[in-house]
Amino acid sequence: MSRYPTVAQIRAAEAATGLLANGVLMGRAAHGLASAILNHLRDTGGVYGRRAGLVVGSGDNGGDALYAGALLARRGVAVSAVLLDPAKAHPGGLAALRRTGGRVVVEFGELDVLVDGIVGIGGSGPLRPAAAAVLGAARALSPSATVVAVDLPSGVDADTGVVNEPAVRADLTVTFGLPRRAHVLAAPQCGRLVVVDIGLDPGAGRDAVLQSLSDAQVGAAWPVPGPFDDKYRQGVVGIVAGSAVYPGAALLCTGAAIAATSGMTRYAGPAAAAVVDHHPEVVAVGEPEEAGRVQAWIVGPGFGTDVDARARLRTVLAADVPVLVDADGITLLAQNPDLLAPRSAPTLLTPHAGEFARLTGAEVGADRVEAVRACAADLGATVLLKGRATLIAGPDDPDTVLVNEAGSSWAATAGSGDALSGIVGALLATGLPPALAAAMGARAHSVAAHIAAGRPGAPIGASALVAAISDAIRVLRASGA
Ligand SMILES: NC(=O)C1=CN([C@@H]2O[C@H](COP(=O)(O)OP(=O)(O)OC[C@H]3O[C@@H](n4cnc5c(N)ncnc54)[C@H](OP(=O)(O)O)[C@@H]3O)[C@@H](O)[C@H]2O)[C@@H](O)CC1
Ligand SMILES: Nc1ncnc2c1ncn2[C@@H]1O[C@H](COP(=O)(O)OP(=O)(O)O)[C@@H](O)[C@H]1O
Ligand SMILES: [K+]
């Protein structure tokens, strides 16, 4: 489990050490930052004589960069620094840099490493023009320089992960004590993340709302058949998806559910013939009323928004079992929110940003974490908000929002959401709590996309993603073993 505290929580954890005022924490931060840069230089041709440029802002983020620059200079790196506001540059850091032979310059020469010490957790908004100009010139002169962000790429909001352009895009981000929310919400902007130990209390970050499961946790919790299990005991999932004209969503959703767990998969809807044709293990009927018992329903992918779809949604939501509502089901639910009121079994909604806006009547906005938490509380349902960073909140636990950073964007392809519904719905049918089922499913979905794309990666369709689900589960189960 990783936890991602807010800036306020980080500041409190730092203050609790009692080591802020005497500069001990900054010393540790600078040491870790310098080590990460030295490691990178060693891996790419050596340390001595390499060229590092520091872009130094007016706060402690700049102080970290200056002290680290001093350590690099001591190891023979040619260090130069551009001070964005010379009067406010960290005095101790600046003196240390000068003592070790680092130079203050007005513009950089060619660089191997460009260090972004502009702002960290004290920053807000995009890069100011002066900072953007210095970075732009450095990037133009040294396009292959490695960009190392101190704490956060400047211009990225620490709590929401919003990238306020112009912002730094880092190859490597070195942070201190605990990862920030932005490191998972805007992971592609951060590049590789190194978290330096600065001696925070071991309990620091426990109160963080935003959390992610490790692959090992997902693998360990994945339901697999036991010696006394049969097809029914592992959970039967029922799927109402697709249409006679558009059977694709039904096939993808059903295929994903079959691969996710060993329990039985039922299908109810107008694509029954096509489903059985492609997936002979499925018991398929025309309407949900005709299906036998299920432990969870999936309803909505590609099933349209006509009167028949509406009637099917009503039938499924009237059942006293967990229901996952996706896609067209969400659009219909947005028009008839009263359908949720009588439910006592859990409901899980899996909107993308557009469906989320339909459901809540407002755009997701900058603070996605708060948006998903408020939506879950308002609707009394678990909500999974899709994206590169998928967020999951339940209705009864305002102190937990789960996040899955996909690690790649190969899943951004048509029909991939239908596959996600299938995986999560099958997990729901095994009896897992909805938020856990959603987070595990999202993780397996991301890993499947990554496996299907291969290395160095090639575009995939959702069918390839579905075909890789078994491998993804193997990878997850092996990761904790
Ligand atoms: N606390 C600790 O124990 C430890 C802290 N550590 C480090 O300190 C960092 C936090 O330092 P911090 O609080 O001084 O804030 P910081 O991020 O440097 O920036 C603040 C100043 O920048 C300015 N500014 C704002 N927005 C801007 C923009 N868009 N573009 C340009 N400038 C902008 C604004 O100043 P202004 O120019 O408006 O006067 C503001 O006051 C933290 O991220 C970590 O690196 C580590 O050493 C570990 C121990
Ligand atoms: N840029 C991205 N990077 C990684 N995963 C993504 C990205 N965009 C979308 N996804 C994932 O792909 C799936 C897309 O679902 P959805 O939008 O419902 O597609 P569809 O309706 O075509 O099935 C979701 O699981 C979502 O989290
Ligand atoms: K920074």
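If you're wondering where the values come from, they're calculated on a predicted model, not measured in any experiment.

**Student:** Quick rundown of the coordination of the potassium ion (ligand 3)? Include the residues and the values.
**Tutor:** Surrounding the potassium ion (ligand 3) are the protein donor atoms Asn-61 (OD1), Asp-116 (O), Asp-116 (OD), Val-119 (O), Val-150 (O), Leu-152 (O) and Ser-154 (OG), at 2.6 to 3.2 Å. Each donor residue of the potassium ion (ligand 3) belongs to the same chain, with the gaps between them written as N-x54-D-x2-V-x30-V-x1-L-x1-S. Here Val-119 falls in the partly exposed class, since its relative accessible area comes to 29%.

**Student:** Account for empty space enclosed by the protein, naming residues and giving values.
**Tutor:** Scanning the entire structure with this criterion turns up one cavity of 30 Å³ or more. In this model, the largest cavity occupies a volume close to 60 Å³. Lining the largest cavity are Val-119, Gly-120, Gly-123, Ser-124, Gly-125, Leu-152, Pro-153, Ser-154, Gly-155, Val-156 and Asp-157. Classifying every residue of the lining of the largest cavity gives four nonpolar, six polar and one charged.

**Student:** Account for the UniProt feature "binding site: AMP" (unreviewed entry) in the protein, with residues named and values stated.
**Tutor:** Per the UniProt annotation, the sites labelled "binding site: AMP" (unreviewed entry) are Lys-386, Gly-387, Arg-388, Ala-389, Thr-390 and Gly-417. Despite a sequence span of 32 residues, these residues sit close together in the fold, their greatest C-alpha distance being 13.9 Å. Excluding residues within four positions of it along the chain, Ala-389 makes contact with Val-184, Leu-185, Arg-368, Val-403, Asn-404 and Glu-405. Positionally, Thr-390 belongs in strand 17 (residues 389–393). Those residues in contact with Thr-390, other than ones at most four positions away along the chain, are Leu-384, Leu-385, Leu-402, Val-403, Asn-404 and Ala-442. A distance of 3.1 Å separates a polar side-chain atom of Thr-390 from the backbone oxygen of Gly-387.

About the criteria used
- Numbering of residues begins from 1 in every chain and follows the order in which that chain's sequence is written.
- For this description, chains carry letters from A and ligands carry numbers from 1, given in the order in which they are written.
- Selection of residues for local features in this predicted model requires a pLDDT of at least 70, selection of side-chain atom pairs for listing and counting requires 80 or more, and totals for whole chains, interfaces and linings are taken over all residues.
- Based on all heavy atoms of the structure, the side-chain values leave hydrogens and waters out of the count.
- Each metal's donors comprise the N, O and S atoms found within 2.8 Å of it (within 3.2 Å for Na, K or Ca). Water is not part of the atom list, so some coordination spheres may appear incomplete.
- Burial classification: accessible surface area is computed with a 1.4 Å probe over protein chains only, and a residue below 20% of its type maximum counts as buried, one above 50% as exposed, and the rest as partly exposed.
- With a 1 Å grid laid over protein atoms only, a set of points is called a cavity when a 1.4 Å probe fits there but cannot get out and a pocket when it is open yet has protein on both sides within 12 Å along at least five of seven lines; lining residues have an atom within 4 Å of a point.
- Grid points are joined across faces, edges and corners, and a volume is the space filled by probe spheres set on the points.
- Three classes are used, and their members are as follows: Ala, Val, Leu, Ile, Met, Phe, Trp, Tyr, Cys and Pro are nonpolar, Asp, Glu, Lys and Arg are charged, and the others, Gly among them, are polar.
- UniProt positions are given in the numbering used here, feature names are shortened, and annotations may be inferred rather than shown by experiment.
- Should any heavy atoms of two residues lie within 4.5 Å, those residues are counted as being in contact.
- A helix here means a DSSP run of H or I that spans at least four residues, while a strand means a run of E at least two residues long, and both kinds are numbered starting from the N terminus.
- Pairing of N or O atoms within 3.5 Å defines a polar contact, subject to two protein rules: one partner must be a possible hydrogen donor and the other a possible acceptor, and residues neighboring in sequence count only if both atoms are side-chain atoms.

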